Amino acid sequence: MKKTIFLRLVLLCAVALGISAVIAAVLLQGSARVRQVEQALAFLQATDQFEELPQQPQKLAETLSDLYFGYRITVIAPQGQVLGDSHMDPGQLGNHSNRPEVAAALRDGAASVSRRSATIEQDMLYVARLQKDGTVLRMQIEAQELRSLLHTQLSAVLLGLAVSMLVALSMAKGLAH
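What counts as what
Residues numbered from 1 in each chain as written. Predicted model: local features only at pLDDT ≥ 70, side-chain atom pairs only at ≥ 80, totals over all residues. Heavy atoms only, no water. Helix = DSSP H or I, 4+ residues; strand = E, 2+ residues; numbered from the N terminus. Contact = heavy atoms within 4.5 Å. Areas by Shrake-Rupley, 256 points an atom, 1.4 Å probe, with all protein chains shown as cover. Buried < 20%, exposed > 50% of the residue type's maximum accessible area, 1.4 Å probe, protein only. Pairing = 2+ DSSP bridges. Polar contact = N/O pair within 3.5 Å; in protein donor to acceptor, adjacent residues only side chain to side chain. Axes fitted to C-alpha atoms, helices over the stretch in contact; angles between N-to-C directions. Core = buried A, V, L, I, M, F, W, Y, C linked by side-chain atoms within 4.5 Å. pLDDT = per-residue confidence, 0-100.

Asks: It is not clear to me how the overall build of the chain should be interpreted in this structure. Could you clarify?
Replies: Scanning the chain for helices and strands turns up 4 helices and 5 strands. Taken from N to C terminus, the helices and strands of the chain fall in the order α-α-β-β-α-β-β-β-α. In the chain, the proportion of contacts linking residues at least 24 apart, taken out of those at least 6 apart, comes to 50%. Per element, the accessible surface of the chain, about 10300 Å² overall, is 61% carbon and sulfur.

Structure representation (structure tokens):
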């Protein structure tokens, strides 16, 4: 009888902790992306306040990239021409007017899009913002970086779940006696 009660309590704890882990993973994934987008948009918005930033688009892209963790920054004209890029030669980049984040930023003022990069063929998060002068500032964040952040957070959650399971087992054993 005691063994049956103990096993049922252990099973109940394992199921509850498993459900908690799934919910935590879903919430962490969404919140990590939202936080990253919010921070990137806040940075791009703050650029309007810095009068000492370079006016030349290529130099602006490079300076902003240096200020924000080395992320790739692209300055795009309203017609889609790349005016500056912190990581690539703008002359080698095609028209960006058909890029979803650029079109949305031109239409709505700001946008974020997860998609595969046509230029470097990797999954990316793009955050774009329409500037006062009509150009679009776009930040590119590697999806792998977001996954690394998520893995770090999930590791902490799993460690907490393992400790919780050990405490639950100890309590269940005590209740079974």
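Asks: Would you mind going over the pairing of strand E4 (residues 123-130) with me for this structure?
Replies: For a regular strand, the rule is simple: side chains alternate between the two faces of the sheet. Within E4, 6 of the 8 residues are buried, which leaves it mostly tucked inside the rest of the structure. Inspection of the sheet shows strand E3 (residues 110-116) paired to E4 by 7 bridges, in the antiparallel sense. Along E4, the bridge assignment pairs serine 114 with leucine 125. Linkage of E3 to E4, two consecutive antiparallel strands, is achieved through a turn of 6 residues, within which glutamate 121 is found at a positive phi near 55°. Strand direction decides the pairing type here: E4 and strand E5 (residues 136-142), joined by 7 bridges, are antiparallel. Along E5, the bridge assignment pairs arginine 129 with leucine 137. Between E4 and E5, which follow one another and run antiparallel, lie 5 residues, and glycine 134 among them has a positive phi close to 95°.

Asks: How should helix H2 (residues 57-67) be read in this particular structure?
Replies: Note that an α-helix has 3.6 residues per turn; residues three or four places apart therefore point the same way. Here H2 has its buried residues at Gln58, Leu60, Ala61, Thr63, Leu64 and Ser65. One side-chain oxygen at the N-terminal end of H2 lies 3.0 Å from the backbone nitrogen of glutamine 58; it belongs to glutamine 56. At the exit of H2 stands phenylalanine 69, carrying a positive phi of roughly 60°.

Asks: I'm lost on the sheet that holds E5 in this one. Help?
Replies: Working definition: the strands of a sheet are paired by backbone hydrogen bonds and lie parallel or antiparallel to each other. What the 5 strands build is an open sheet, ordered E2-E1-E5-E4-E3; its pairing is antiparallel. One side of each edge strand has no neighbouring strand; the edge strands of this open sheet are strand E2 (82-85) and E3. Each neighbouring strand pair of the sheet contributes to a mean axis angle of 20°, computed without reference to strand direction. Relative to the sheet, H2 contacts strand E1 (72-76), E2 and E5, its axis offset from that of E2 by approximately 35°. Against the sheet, helix H3 (residues 100-108) touches E1, E3, E4 and E5, its axis set at about 170° to E3.

Asks: Help me understand the nonpolar core, please; the structure alone is not making it clear to me.
Replies: Buried together is how nonpolar side chains tend to be arranged in soluble globular proteins. The biggest cluster of nonpolar side chains holds 15 residues, and the ones touching the most others in it are Phe43, Leu44, Leu64, Ile73, Leu137, Met139 and Ile141. Within the residue set of this core, elements represented by two or more residues are helix H1 (2-46), H2, E1, E4 and E5. In this view, isoleucine 141 contacts Gln36, Ala40, Tyr71, Met124 and Leu125; residues no more than four positions away in its chain are not counted.

Asks: What should I look at first to understand the confidence of the model for the chain in this one?
Replies: The predicted coordinates ought not to be read in detail in places where the model reports low pLDDT. Chain-level pLDDT for the chain is 79 on average; 81% of the residues reach the 70-or-more range. Here helix H4 (residues 143-176) stands out as the least confident element of the chain, with mean pLDDT 69; H3 is the most confident, with 95.

Asks: Is there a simple way to think about the environment of alanine 61 in this case?
Replies: As for its position among the elements, alanine 61 is in helix H2. When its relative accessible area of 0% is taken as the criterion, alanine 61 is described as buried. Here the alpha-carbon distance between alanine 61 and arginine 138, two residues 77 residues apart in the chain, equals 9.3 Å. When sequence neighbours within four positions are dropped, the list of residues in contact with alanine 61 reads Ile73, Val75, Gly84, Asp85 and Ser86.

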